[in-house]
Structure formats: C-alpha cells, structure tokens
Amino acid sequence: MTVAGWIEILIFLAVLTAITPMLGGYLTRVFRGELAPLGRVERAFYRGLGVDPARGQDWKGYARSVLISSALFGVLLYVILRTQSIHPLNPQDLSSGTWDVSFNTTASFLSNTNWQFYAGETTLSYFSQMAGLAVQNFISAGVGIAVVVAFVRALASRSGKEIGVFYVDLTRAILYVLLPLSAIVGFVLVSQGVLQTFGDYADATGLTGVTQTFAYGPVAGQEAIKVLGTNGGGFFNVNSAMPYENPTWLSNFVEMLAILAIPAGLTAMYGRMVDNRRQGWMVFGAMMTLFVVAVAVIYVSESGPTAAMQAAGLTGDNLEGKEMRFGIGSSALFSAVTTAASCGAVNAAMESFSGFGGAVPMAQMMTGEVIWGGVGSGLYSMLLYVILGVFISGLMVGRTPEFLGKKIEAREIKLTIIGTIAVPMMVLVTSALAIGSKWGAPSIYDSGPQGFSETLYAYTSQGNNNGSAFAGYTGYVQPNGTNDGAFGISFADVLGGLAMLGGRFIPLLAVLAVAGSLAGKRVSPVGLGTLRTDTPTFGVVLIAVVLIVALLTFVPALLLGPLVQGLSDQLY
Amino acid sequence: MRELKTAAIAVIAFTVVLGLAYPLLMTGVSQVVFPGRADGSMIERDGKVVGSSLIGQDFSKDTSYFQSRPSATGYSPSATFFNNHGPNQQDLADQLKGYVDAYLEREQPYTPGLTAADIPSDAATTSASGVDPHISEDNARIQANRVAEERGLDRARVLELIDDNASRSLFGLAGDKSINVLELNLDLDREASR
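Cut-offs and rules
Residues numbered from 1 in each chain as written. Chains lettered and ligands numbered in written order. Predicted model: local features only at pLDDT ≥ 70, side-chain atom pairs only at ≥ 80, totals over all residues. Axes fitted to C-alpha atoms, helices over the stretch in contact; angles between N-to-C directions. Helix = DSSP H or I, 4+ residues; strand = E, 2+ residues; numbered from the N terminus. Contact = placed C-beta atoms within 7 Å. pLDDT = per-residue confidence, 0-100. Core = buried A, V, L, I, M, F, W, Y, C linked by C-beta atoms within 7 Å. Buried ≥ 20, exposed ≤ 12 C-beta atoms within 10 Å, placed from the backbone. Domains from an automatic or database assignment. Pairing = 2+ DSSP bridges. Expected span 1.5 Å × (residues − 1).

**Things to note about the packing of helix H6 (residues 126–156) of chain A against helix H14 (residues 377–397) of chain A**
Here comes step 1: Direction vectors running N to C along H6(A) and H14(A) enclose 35°, while the axes themselves pass 8 Å from each other. Mapping the contact onto sequence places Gly144(A), Val147(A), Val148(A) and Phe151(A) in H6(A) and Ser377(A), Leu379(A), Tyr380(A) and Leu383(A) in H14(A).

**Here's the deal with the interface of chain B and chain A**
How big an interface is tends to be stated in terms of the accessible area lost upon association of its parts.
Here comes step 1: Contact with chain B, which involves 85 residues of that partner, is made by 99 residues of chain A.
Here comes step 2: Counting only elements with at least two residues in the side of chain B that touches chain A, the list comes to helix H1 (2–33), strand S2 (48–52), helix H2 (90–107) and strand S3 (134–136) of chain B.
Here comes step 3: In terms of residues, the side of chain B that touches chain A owes the most to one element, H1(B), which gives 20 residues.

**A short note on the confidence of the model for chain B**
Detailed reading of the predicted coordinates is not advisable wherever pLDDT is low.
Here comes step 1: Taken over all residues, the pLDDT of chain B has a mean of 94, while the share at 70 or more is 95%.
Here comes step 2: The least confident element of chain B, judged by mean pLDDT, is strand S4 (residues 166–167) of chain B at 87; the most confident is H2(B) at 97.

**Details of the nonpolar core**
Here comes step 1: Ranked by size, the top nonpolar core spans 237 residues in total, and within it Val147(A), Phe151(A) and Ala515(A) carry the most contacts.
Here comes step 2: The biggest single contributor to this core is H6(A), with 21 residues.
Here comes step 3: The residues that make up this core include at least three from each of domain 1 (1–39) and domain 2 (42–193) of chain B.
Here comes step 4: With residues up to four places along the chain from it excluded, the contact list for Val147(A) reads Val66(A), Gly376(A), Tyr380(A), Leu508(A), Val511(A) and Leu512(A).

**Re helix H2 (residues 39–49) of chain A**
Here comes step 1: Counting buried residues along H2(A), only one of its 11 residues qualify, which leaves the element largely exposed.
Here comes step 2: Just past H2(A), the residue Gly50(A) takes up positive phi, approximately 75°.

**Thoughts on the pairing of strand S1 (residues 202–205) of chain A**
Here comes step 1: Where S1(A) meets strand S2 (residues 211–214) of chain A, four bridges bridge the pair, whose relative direction is antiparallel. Directly across from Asp203(A), in S2(A), lies its bridge partner Thr213(A).

**So, the domain arrangement of chain B**
Here comes step 1: Each assigned domain of chain B is listed with its residue range as follows: domain 1 (1–39) and domain 2 (42–193).
Here comes step 2: Taking only C-alpha atoms, the centre of domain 1 of chain B and the centre of domain 2 of chain B are 40 Å apart.

**Comments concerning the sheet that holds strand S5 (residues 178–180) of chain B**
All names here are of chain B.
Here comes step 1: Taken together, three strands build an open sheet; the order of strands is S3-S5-S4 and the sheet is antiparallel. On the outer flanks of this sheet lie S3 and S4, each paired with one strand and no other.
Here comes step 2: Across three bridges, the pairing between S3 and S5 is antiparallel. Paired with Ile135 across the bridge in S5 is Ile179.
Here comes step 3: Contacts between helix H3 (residues 137–151) and the sheet are confined to S3, S4 and S5, with S3 contributing the most and set at about 85° to the helix.

**Details of helix H4 (residues 99–110) of chain A**
All names here are of chain A.
Here comes step 1: Look at H4: 16 Å from first C-alpha to last across 12 residues, which is about the 16 Å you get at 1.5 Å a residue.
Here comes step 2: Across the 12 residues of H4, 11 count as buried, placing the element largely inside the fold.
Here comes step 3: Within H4, the full set of buried residues consists of Asp100, Val101, Ser102, Phe103, Asn104, Thr105, Thr106, Ala107, Ser108, Phe109 and Leu110.
Here comes step 4: Elements in contact with the buried residues of H4: helix H3 (59–82), H6, strand S5 (476–477), strand S6 (487–488) and helix H17 (490–518).
Here comes step 5: Directly after H4, the chain includes Asn112, whose backbone phi takes a positive value near 65°.

Below you can see the structure in the form of structure tokens.
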C-alpha cells in the first residue's frame, strides 16, 4: 500500500460523487423529454418504425417490445458470428465460429454480460467486433436504461397503466446518452494511445532481432461503450490489461469513471423523477458504503505476497498478473469497480489475485450486481431490494409496507422475490452441475480449491451478467498443433449461455411486472407512521438486506474456494 | 406482426448507425487528429519500425539492455492471455522460482549480495498482458549496475536515463512510478553511439 494509492482511490470517489448529480440532472431531462435537440431525427425514426411516441405501453407491451427486439438482435449476432469468414474487414482470414461458442457469445452480449470464451484478436474479425459485438454493447446497455426509466416512471406515476414507450426510451438512451458519451470517451482514449484503425496485423523486428506480430483494430470506439455500457467485453483477450486498450494511468482512470458514471448518475435521476432527491442519495449512499469496503479489502489483500510468491522467496506486493503502469492501487480499484458494476472489464488477471482479493469481487457479484451494478440493471435490481427492505421493516413495525406512498402488497412481494432469488438459485445450481458432473471438468485449469473457485466465479459472473473471469476456466479450445483445430466445450458454452439469458431476462421481466403493478397505484400522503425510505437509517436497512440475502446464499461456497486459500499458505 | 416489423427495422437501423457509421467516423477523425497514436504508437529507428512504445518486448538475447518483466505469452501482442494460476498453486510457485533464479543469475554478478527477498516483485512475476512495457523503478535501479558495466557507461548517467523515462501519474500524486523499457533501451543505444 502506498499513500499515492489511497489518494488515487479518494480522488476517484470524489470525482464520481461530483459527477453523479450532473449526470442525474441530464438523464432526467432526456427521459422526461425536456431535452431533444435531435427531435426531428427522432420523430422521423419513430415514423419509420411505426411507433407512436405519445401512446404509452403498459408493462406487457413494454416487455413484449424488449423481448422481440432482443430476440432479433440475438439472431443477427449469431448469424454474423457463424458466417464470419464471408464478411469484409477480416485481415487475418479468421474462420467462422462454432455453434456452441457462438451461442455463448450471443447470449453474453445480448445480456450485457460480455463473458468471453473466445479470444478477440485470434478469433474475431474487425467486422464481427464492430457490426456484431459493438452494436450489442450499445443496445444491451440502452435496454437496461430503458427498463429502469420505465420502472422509475411507474413508481412516480399517479394514474394510468402506461410505463412509457420502449423504442422511445431506447432511442433516447442511445442517441443522447450512450453515443455522445462514447465518442467523447473514445477520443480521450485514442489520445492516450488506444488503437482506432483498420490496418492489417503487422510485424516489427525489435532491438535484439526478435520479431513481434502486432494485432490492430478499431478499438477505441468499442472500448468506450464497453466501459460506459458496463459491458466489459474486451477487443483483446486480456481486455483492459492490454496497453492497446488501456495504455496509461489516465486512460485507466477514465475507464473506471466511465464504468460507474451512468449507474451512479441513474440513482440521481431516480431521486429527481420521484421528486425526492434524498431517495436517490440514500441508494447512492448504500452502494457507496458497500463499494468503499470492497475497494479497501482488495487493496489491502493485494499488498503483500501470496503463498506461491512466498514459496519462491519473494516478499513484495502481488504483482503476478498485474501491469506496472497500474500497480497495486489502480489494479485493486479497477477490479472493485468492474465487479461492483456488472462490467467485467479487467485490467489485471483476476485469477491471480490473493485469496481475499479474489473473494471480494466474487462477493460483489453475488449481491446480484446492485453495488452500482449494470447500466440500468443495477438500479432496478437495487430497487427490488428496497422493496424487500420496506416489506421487512414493515413487518417489524407492524404496518402495511409502503414505498413512495404506494402500498406494497402480496403481488409485488412475490414478483420481487422472483426477481431477487432467481439469479442466486441459478448460480448455485449451474455451479453445482459444473462441479458435480464429469462434463464440467474439461473447463477447469487449476487444481485444488482454485479449480472450484474458477467454476464458481464462472457461473456467478455469467448468472449475474458481469463477464469478468478467473480466466483459466475455458469453454473454447484454441488450435495448438496437436488437436484438430479450435472447438468449443459445449457443456460450458450452453450452460453458461443459459445462465446469462436467465440472469438477464428473469429479473428484467420481474421488474417490469412490478412496474405494471405499481403504476397508477394510489399514493397515500406521508404521515407520522410512514416508514421513510430516504434516510440514512433506511440506507443501513438496505445494506443489511443486501448482505443477508447474499451472504446466507453464498458464504458456504466462498469458504470452499477463495476464502480457504486466503486463510492458509498451503500450496495445491 | 407489426411488432416484429418494428423490431426488424430497429435492428437494421441501429446496426448501420452503431456498427458501421460510428466506428467509421471514430476511425476517420482519429486518423486525422491523432495519427500515430491511433495506429499503435509505433517507434521507428533509422527508418525501420522497432516496436511500439506501448508494447513490451523481449530483450533477453542481449543482457546489455534493460530486461522486460517475465511474460507468459512470449511477449505476443497478437495472441494475448493471462498466466491464470491461482495464488496458492504449486505450478505458480515453481514458475516464480524459475524467474527468481534467472534474475539472480543475471544480476548477482553485478549486484553482489542480491537475494530473492530483495527482488522487486515485478521482476519475477508475469504481467497481465504479457506485453507490459514497464518495469518498476527499483527493478531498473538493480539492472542499472549490469547495464552500466556491460556498456562501459557511468552508473550515474544510466540512473539519469532511468529517471528520464519514468512515468509519474498525476504529477506523482497518484499511482506508482514505472519505467518504459523500450524507450529506456533506445536512449541507451543513442548514448553509446554518441
């Protein structure tokens, strides 16, 4: 640990807090329709789509639009990946994907997960990256924002069953938020040295006569939406550790900020849209508290040698799998940011983190990605926890639970439970299947508890739509001269793909259903007996609910993997 | 049916705008405003490309150069992967032991009394990308003894060059100090030819 490291963390937290209300104000104006500089383009587009922006959809209509458009986007992406060899912009003549890895990748980018069994620079053409993956980077983030906007609208609505128009929300999210921010972040990244070229791969002979082959590509634009949309799918296999994706301390800082900017900004938007900014700050505060603890634990854990380093006689910090330009501080902070948000970009090898340093990222994902969480999905999942918190507190004080003046009744609670419990259940079941069956074994790389950690991390990450990995776990075997060329490990590909789709769409539908049920509900006036949800006290309740649900579900599993390694110097 | 048509039009429109227009525009502007940077920050010497200032390379053939960190990928910038061993793996311990021994063998003759415990951990661990262009300042200072002697340079001058190639984040307030190995080695070559 260094003073400079702690200073960087403090600066980061301060900047994030400072931009939250600014972004929140901007988002509010965009989604209230007060800000529409490209109104004409928008209107023409809606006419072309056959959508009437003035005719709101009820929750079922909204959900239908989400599902149908996602299905079509998914089909397109799958076809692009499977027919890669006939497309232009493929300087390396890379072949088309196999069915299983392509399915996994499609599910991954459709669900804003960006779990990657493939290795970008050796598997995908420039065309597949930009027309296939980058598009989904925008769309899956836009869908997340649209759904949370619809949910917040329902919370604020006083009458009617309409929660918004999906295509309008999606278009605004992309046109006014994601696209302009991506261009700005993209140019900042290029100025630091991130690639943005269609040049062919090229050789160079170094100072001692050793030849290196350089992979290039249109990276910066995709990198920008990768972080802003909490997607996380790297252009290169080693993601943001690759200097061509993340070359400097500044590019790293900008990427971390871009990951949390929108999830944090949305909390402020929420406060504004329900006409009580303190509601937004309460959620922000709960997220920030959990986040600060996570950062600190990872930073402390990575400062100092691991058991393997000690066995080799090394006494310094754990720099195995980390880059010097980031050091321990920026690597620890990045890993906390990326697993708190459901981003999954990494600037260091998560698998090589110390026992506790690796347990915290897993634990953050296991909360259901609500510590900031994904763009849109983080806030809507957290608001389900808020409803749960209101319900539990209501039971304790013996009053009908109310949230923002709306009665929380049996239907909402049932849906909330589905939305919060479905993913953890799926994570446990898929991990158990992969560990307990012989089909899961070929994916595992390391022996001992680490092999278990790899598996648990893989299905936690996919189920919660994060996308980071203990990257020894594999679902794709590269051609290596001794096998018959590349092939997928179908079991891991399909199981992971299903986990990602379930992890995305089950909570999303539950949230929309709760929105439908709360929209237009009568709002009762605030009285003396009202349980207020905009106070620090309630923030504590919220944190407790999140921790209890996550810990009760996952501590036994965490103990078997990373914690047991953190607690001993035993080598396996 | 209408719903399906709407979705189909949206898919096509968004793919054209986000998947083609956006990357083409980004590339066009970047190529004009940041030529070089957008193309990989390649470094030329005597008209020939010798590498990229952002990408580490293998100097192990010539010990009169500063050496990069160990790499699990043979310093490949076109097939990157992590080393991917957990913190308690025997495999990793063996690997690291190999790096420690190699470092001691290379540096001990020039830095007598150097032990494993003195080795900065960046010098005996693999980087994340396999092409980390930097080493730590402590690592560079130990290597300076060898480089100065092999090249017949004044040690103080070599330390100066290290300082010239150190990157400090946010005026040294945040992050750690690191040294760009390729740029440092290019400076060394220039020094010798003067």
